[in-house]
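So you can see what is in the structure, the chains are spelled out below.
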Amino acid sequence: MAKTGKDYFGLGRIVSIILAIIPFTSWILGALTRFSEGKIVAGILRLIFGFTIVWIIDLVLMIMNGKIMRLLNI
């Protein structure tokens with residue numbers, strides 16, 4: 001599902017923004033998105049650091065272009 005070009009499993013942009021606003025759902029869905037892409041290390045790092053600045057960056061990027069931050073590609 002993540003191959004549709006939208007994050008949070010291909011959900012609509014408005015729904016994704018609403019889910020990104022809530023810290024807990026943003027944390028969980030960000031990690032699940034990275035795991036579903038096969039990026040295990042990036043998913044684990046999102047689970048560890050998801051409640052920090054990553055949440056704010058994801059929120060801004062979700063509003064601006066509909067995608068979460070992808071710093072690690074491993």
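Cut-offs and rules
In this numbering scheme, every chain counts its residues from 1 along its sequence in written order. This being a predicted model, a pLDDT of at least 70 is required before a residue's local features are given, and a value of 80 or more before pairs of side-chain atoms are given or counted; all residues contribute to the totals for chains, interfaces and linings. Side-chain measures here rest on the full set of heavy atoms in the structure, leaving out hydrogens and waters. We call a residue buried when its accessible area falls under 20% of the maximum for its residue type, exposed when it is over 50%, and partly exposed in between, using a 1.4 Å probe and counting protein chains only. In this text, helices come from DSSP runs of H or I with a minimum length of four residues, and strands from runs of E with a minimum of two, each type numbered from the N-terminal end. Directions pointing from the helix axis toward each C-beta atom define the arc. The criterion used for residue contact is that any of the two residues' heavy atoms lie within 4.5 Å. Any residue with an atom within 4 Å of a point lines the site, the site being either a cavity, points on a 1 Å grid over the protein atoms alone where a 1.4 Å probe fits but cannot get out, or a pocket, an open set with protein on both sides within 12 Å along at least 5 of 7 lines. Grid points are joined across faces, edges and corners, and a volume is the space filled by probe spheres set on the points. Following the grouping adopted for this structure description, the nonpolar residues are Ala, Val, Leu, Ile, Met, Phe, Trp, Tyr, Cys and Pro, the charged ones are Asp, Glu, Lys and Arg, and the polar ones are all others, Gly among them. Side-chain atoms within 4.5 Å link the members of a nonpolar core, which is a set of buried Ala, Val, Leu, Ile, Met, Phe, Trp, Tyr and Cys residues.

Peer 1: Explain helix 3 (residues 40-49) to me, using residue names and the numbers behind them.
Peer 2: By the burial criterion, the buried members of helix 3 are A42, G43 and R46. Seen end-on, helix 3 carries its buried residues on one side only, within an arc spanning 100°.

Peer 1: Break down the side chain of R34 for me, citing the residues and quoting the values.
Peer 2: Residue placement: R34 occurs in helix 2 (residues 23-36). Classification of R34 as buried rests on a relative accessible area of 1%. Beyond its immediate chain neighbours, meaning those up to four positions away, R34 contacts K39, A42, G43, R46, I68, R70, L72 and N73.

Peer 1: Pulling in residues and values, what's your account of the layout of surface pockets?
Peer 2: To find leftover empty space, one rolls a probe the size of a water molecule over the atoms. By volume, the largest pocket amounts to about 190 Å³. In terms of lining residues, the largest pocket is bounded by R34, A42, L45, R46, F49, G50, V54, M69, R70, L71 and L72. Residue contributions to the lining of the largest pocket peak at 4 residues, all from helix 3. Of the residues in the lining of the largest pocket, the class split is 7 nonpolar, 1 polar and 3 charged.

Peer 1: Break down the nonpolar core for me, citing the residues and quoting the values.
Peer 2: With 7 residues, the main nonpolar core is built from Y8, I17, A20, L29, L59, M62 and I68. Contributions of two or more residues to this core are made by helix 1 (13-21) and helix 4 (53-65). Contact partners of A20, with chain neighbours within four places excluded, come to Y8, S26, W55, L59 and M62.

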